[in-house]
Amino acid sequence: MSRQRRAALVGNPNSGKSALFNALTGARQKIANYPGVTVERKAGRLILPSGAPVELIDLPGSYSFDAASPDEEVTRKVIHGEFPGEVQPEVLVLVLDAANLEQHLVFAQEVIALGRPTVIALNMLDLAERDGLTLDPAALEKALGVAVIPTVAVRRRGLTELSEAIEQAEARVVDASPATPARATTLPERRQTARKVAKAAIVGESAGHRIHAQVDRVLLHPWIGPVILFAILFVMFQAVFAWATPFADGLEAAVTAVSDWVIATFPGGFLRDLVTQGVLAGVGSVVVFLPQIVILFAFILVMEASGYMARAAFIMDRMMAGVGLSGKSFIPLLSSFACAIPGIMATRSIADPKDRLTTILIAPLMTCSARLPVYALIIAAVIPQTTVGAGIGLQGLVLFALYVAGIVGAMAAALLLRRTVTQGAASGFIMEMPRYQMPRLRDLAIGLWQRAWIFLRRAGTIIFAATIALWVLLSFPQAEPGESQIDASFAGMVADGVHTVVEPIGFNREMALALVPAMAAREVAVSSLATTYAVDSESEEQTALALEHEVAARWSLPTALAFLAWFVFAPQCLSTIAVARRETNGWKWPAFMVGYLFVLAYVFAGLTYWIAVALGL
């Protein structure tokens, strides 16, 4: 009995291979792992028009035979007949995304150059037509020298023609002489050929598609693109202060009104102090920064939904390569602007282990949303609300500088790490550009609500618990007449020990105390300061004063700037440390991460303070 013939689907990720595989095989498929690796093996049974069965394999998506991941290594070995226990497929079905033809043709040339019986499935033609492209499969077939079959897998278009082409290619295998592979070409040569072939195959394009291509030429320009990106970020941070102020003032007024009502309604004592000095002063001081959080995420969601975020990753690839990383690290690092936890988890998509480890170690340096309440409080308290130049707010400029400092610090740390403990070269980076589109208001509203709810939930759980615990430590034991409550409290004793360490870099005792509970979450530093000043106040009226005014009255400018510099670098988040431990399978690298980040925080906070004092600020 003769062995069943075999064909393999091969192509770039996101080319529609899996949809085509399902359409061709239906329920006649088996899923397992390739021996010795954790790469999924999908095989099914395809019935050809003649009635003969063929085993169809859906190989993992690949960008090149120069494997940069376990998936690509499996694909290369199976196609070349080098994978133990796997029979080399007789026919290769090369799946191309019609809407991203130029990019997919780069790998297609490597496959065709093997000289093996090959059929091209020009897939997702409906999406290409939606994007305004009209393709000529005959011109593509002539240029590549193999059969090209137009398909739309999800609508089962072209499946019969594809099956016939596979059968004909299979028949040619019997009489084919050993193929002689073509001369190996370089990646730049394949890209140039792909551009020419794609241009010849596109016989028509809409005005919208041409406009998108022209926009890309500007936004992805090696010099203009980064300028536009940083301009967008600059406007975003200006808006965080300029647009959020009325809403933040409204929330602050609401919290103050509730606090006044509690003071007027409840008799003095433990319960009223708990509500006013603990809950409202602590949690309320964080909640008032909700408008800044919403505005920040509004910009990020618009950039994602419009298709610009992927282009930002492409722009950053050059800078990433300069410090030993690839553009693959950009998306996890960008996610870390929201929170380092999903950012660290997103590094699973990075194939190179040292590249991934470096990204994990620098992810906490990205300015996450938890830092924003701290930054907004200190900037509003010590930086004048004035303009610099034409409509450029000084407060927004300082906030932008803090975000840039985090990015520069992360890049510098990556550069040093890649030359020492995680030494290695940057891996390649290939990505597909999504089409431009108008963000849907409904999707934006849902996204903003989800992020606002996450922030409020943290305020109602982690921050609430930390604030209450700190209030208890600040309130007991009770001070004697004439003695400061902070001096007499348990928290005061802790603050004295921490203050000894951070006093040389300009921190006062209240700041030292805020650093301890802020290890749970960075924004707890704000509620800790508010609770500390509320407990230490001499009257109910002073308790009701905004935290911003307290900081402005009690902190010098060098001290405030040192506090900002500390939070640029300090890993004040236990959850991030725990996730880093899980993703690195041990405590070695999380301990290293915490150590070097605290050293950076101490050094740069000290430098900021000493330089500011020397300049007479």
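Attention in this report is confined to the structure presented alongside it. (Residues numbered from 1 in each chain as written. Predicted model: local features only at pLDDT ≥ 70, side-chain atom pairs only at ≥ 80, totals over all residues. Heavy atoms only, no water.)

Observations concerning the packing of aromatic side chains
- Across all of its chains, the model carries 17 aromatic pairs by this definition.
- Consider the rings of W555 and F563, whose centres lie 5.2 Å apart with planes at 80°: the pair is edge-to-face. There is no split in this pair, since W555 and F563 are both buried.
- Relative to F604, the ring of F569 has its centre 4.8 Å away and its plane inclined at 25°; by these criteria the two rings are stacked. Placement of F569 in helix α27 (residues 557-569) and of F604 in helix α29 (residues 588-614) is noted, with a sequence separation of 35 residues between them.
- Judged by its relative accessible area of 35%, F604 is partly exposed. (Phe/Tyr/Trp six-rings, centres within 6.5 Å; stacked < 30°, edge-to-face > 60°. Buried < 20%, exposed > 50% of the residue type's maximum accessible area, 1.4 Å probe, protein only. Helix = DSSP H or I, 4+ residues; strand = E, 2+ residues; numbered from the N terminus.)

Topic: the pattern of salt bridges
- Applying the stated criterion to the full structure yields 19 salt bridges.
- Salt-bridge contacts for K17 lead to D58; the nearest nitrogen and oxygen are separated by 2.9 Å. With K17 in helix α1 (residues 17-25) and D58 in strand β4 (residues 53-58), the pair connects residues that are 41 residues apart, well separated along the chain.
- By sharing partners, the salt bridges in this structure join R6, R41, E55 and E86 into a single network. (Salt bridge = Lys/Arg side-chain N within 4 Å of Asp/Glu carboxyl O.)

A word on the side chain of D58
- When its relative accessible area of 5% is taken as the criterion, D58 is described as buried.
- A polar contact of 3.4 Å, which involves the side chain of D58, links it to the side chain of S18.
- Residues in contact with D58, not counting those within four places in the same chain, are L9, K17, S18, F21 and K42. (Polar contact = N/O pair within 3.5 Å; in protein donor to acceptor, adjacent residues only side chain to side chain. Contact = heavy atoms within 4.5 Å.)

Notes on the side chain of T422
- Mapped onto the elements of the fold, T422 is located in the loop between α18 (394-418) and α19 (441-460).
- Residue T422 is classed as buried on the basis of its relative accessible area, which comes to 1%.
- In contact with T422, not counting residues within four places along its chain, are K354, L357, T358 and L417.

Some points on α29
- Here α29 spans 39 Å end to end across 27 residues, near enough to the 39 Å set by a 1.5 Å rise per residue.
- Taken together, the buried positions of α29 are W589, P590, M593, V594, Y596, L597, A601, A605, G606 and A612.
- Where the residues of α29 are buried, they touch α16 (353-362), α18, α27 and α28 (574-584).
- Immediately downstream of α29, the backbone of G616 shows phi near 75°, a positive value. (Expected span 1.5 Å × (residues − 1).)

Some points on the nonpolar core
- The biggest cluster of nonpolar side chains holds 109 residues, and the ones touching the most others in it are I362, F507 and F563.
- Ranked by residues supplied to this core, first place goes to α18 with 11 residues.
- One finds A8, V39, L105 and A108 within the second-largest nonpolar core, a separate group that totals 37 residues. (Core = buried A, V, L, I, M, F, W, Y, C linked by side-chain atoms within 4.5 Å.)

Some details on empty space enclosed by the protein
- Considering all chains together, one arrives at 1 cavity of 30 Å³ or more under this definition.
- Of the volumes computed, that of the largest cavity is approximately 270 Å³.
- Lining of the largest cavity is provided by 20 residues; of these, L233, F330, L334, F337 and I407 occupy positions nearest its centre.
- Only α9 (224-242), α12 (290-306), α13 (308-322), α14 (330-335) and α18 provide two or more residues apiece to the lining of the largest cavity.
- When its residues are assigned to classes, the lining of the largest cavity shows 20 nonpolar, no polar and no charged. (1 Å grid on protein atoms, 1.4 Å probe; cavity = no way out; pocket = protein on both sides within 12 Å on 5 of 7 lines; lining within 4 Å. Points joined across faces, edges and corners; volume = space filled by probe spheres on them. Nonpolar A, V, L, I, M, F, W, Y, C, P; charged D, E, K, R; others polar.)

Concerning the pairing of strand β3 (residues 40-47)
- The pairing of β3 with β4 spans 6 bridges and is classified as antiparallel. Paired with A43 across the two strands is I57, which belongs to β4.
- Linking β3 to β4, which pair antiparallel, is a turn of 5 residues; within it G51 sits at a positive phi near 95°. (Pairing = 2+ DSSP bridges.)

Some remarks on the packing of helix α17 (residues 371-382) against α18
- Running from amino to carboxyl end, α17 crosses α18 at an angle of 140°, the nearest separation of the two axes being 10 Å. Considered as vectors, α17 and α18 are oriented oblique to each other. As for the relative orientation of α17 and α18, their crossing is right-handed in sense. Across the interface between the two elements, L372, Y375, I379 and A380 of α17 pack against Q395, V398, L399, L402 and Y403 of α18. (Axes fitted to C-alpha atoms, helices over the stretch in contact; angles between N-to-C directions. Parallel < 35°, antiparallel > 145°, perpendicular 65-115°, else oblique. Left-handed = near helix turned anticlockwise from the far one by under 90°.)

Here's the deal with the packing of helix α11 (residues 270-287) against α19
- Two elements in contact, α11 and α19, have axes whose closest approach is 10 Å; the angle formed by their N-to-C orientations is 165°. Judged by the inter-axis angle, α11 sits roughly antiparallel to α19. Judged by the sense of rotation from one axis to the other, the crossing of α11 with α19 is right-handed. In this structure, α11 contributes V283, V286 and V287 to the contact, and α19 contributes F455, L456 and A459.
- Of the residues that constitute the contact of α11 with α19, the class distribution is 6 nonpolar, no polar and no charged.

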